[in-house]
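This is what each chain is made of:
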Amino acid sequence: METKNIMIVGVGGQGTLLTSRILGGIILANGFDIKLSEVHGMAQRGGSVVTFVRYGDNVAEPIVEEGQADILIAFERLEALRYAHFLKKDGVIIVNDQRIDPMPVVIGNAKYPEGIIEDLEKSHKVIRVDAMEEAKKLGNTKTFNVIVLGVVASHMDFGKDQWLEVIENTVPKKTIDINKKAFEIGYAL
């Protein structure tokens, strides 16, 4: 199998690391070689967090180069825009339609760009999901990342039951049921 490249981008505290662990678990369960690389900017202060996930028969290095990502998973609109140049021409962006103002916007030194998703749709295949709204309906906003992962999973070649098993083995025990429900919601979207 040719190496597949996935990037997960978000803001500190959005669950990018848990998402990459679940993704890594499903890939390993299917017998592929995998390399993960995580870049934590000012993650604890709401800065960018980027995770590279590369898998296939034999993966040499963990970093996804610009123009090579098959899938860009973005937990926030501005992060999708910031990393869209990593996407292949036929790649797809799965973006959570959420706005989190970065510090320059908060202190008034910059403006948050308008129409980010619409601009991305002009040159990329974009799947928009309002995972935070779905997570609110579920009663736990911390599960929005697993809802996004459910959307991603519905576009991959791994079985739903296998995903649920990996989630059960990866998330904290007390959150298994809510995370499985969140995944099912995203998978159905």
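None of these values were measured; they are calculated from a predicted model.

Rules used throughout
Residues numbered from 1 in each chain as written. Predicted model: local features only at pLDDT ≥ 70, side-chain atom pairs only at ≥ 80, totals over all residues. Heavy atoms only, no water. Salt bridge = Lys/Arg side-chain N within 4 Å of Asp/Glu carboxyl O. Helix = DSSP H or I, 4+ residues; strand = E, 2+ residues; numbered from the N terminus. Buried < 20%, exposed > 50% of the residue type's maximum accessible area, 1.4 Å probe, protein only. Contact = heavy atoms within 4.5 Å. Phe/Tyr/Trp six-rings, centres within 6.5 Å; stacked < 30°, edge-to-face > 60°.

*Asks:* Explain the pattern of salt bridges to me, and be specific about the residues and the numbers.
*Replies:* Throughout the structure, instances matching the rule amount to 12 salt bridges. Of the charged contacts in the structure, one is a salt bridge between E184 and K160, with a shortest N-O distance of 2.9 Å. One end of the pair, E184, is in helix α8 (residues 176–188); the other, K160, is in helix α7 (residues 160–170), with 24 residues separating them in the sequence. The partly exposed category is assigned to E184, whose relative accessible area is 31%. Overlapping salt bridges bring together R77, D97, E118 and R128 as one network.

*Asks:* Can you lay out the environment of V92 for me, pointing to particular residues and giving the numbers?
*Replies:* Within the element layout of this structure, V92 appears in strand β5 (residues 87–96). Separated by 21 residues in the primary sequence, V92 and I71 place their C-alpha atoms 5.0 Å from one another. In contact with V92, other than residues within four places in its own chain, are D70, I71, L72, L87, K125 and I127.

*Asks:* An account of the packing of aromatic side chains is needed here, citing residue identities and associated values.
*Replies:* Enumeration according to the criterion identifies nine aromatic pairs in this entry. Taking 6.3 Å as the distance between ring centres and 55 degrees as the angle between the ring planes, the aromatic pair formed by F52 and F86 counts as tilted. Taken together, the positions of F52 in strand β3 (residues 48–56) and F86 in the loop between α2 (77–83) and β5 put the pair 34 residues apart, joining distant regions of the chain. The exposure class assigned to F86 is buried, which follows from its relative accessible area of 12%. Each ring, one from Y55 and one from F158, has its centre 6.2 Å from the other, and the planes form 50 degrees; the classification is tilted. Here Y55, found in strand β3, pairs with F158, found in the loop between α6 (144–153) and α7; they are 103 residues apart in sequence, far enough to count as distant. Each of the two residues, Y55 as well as F158, counts as buried. Connected via pairs of aromatic rings, a cluster forms that spans F32, Y55, F158, W163, F183 and Y187.

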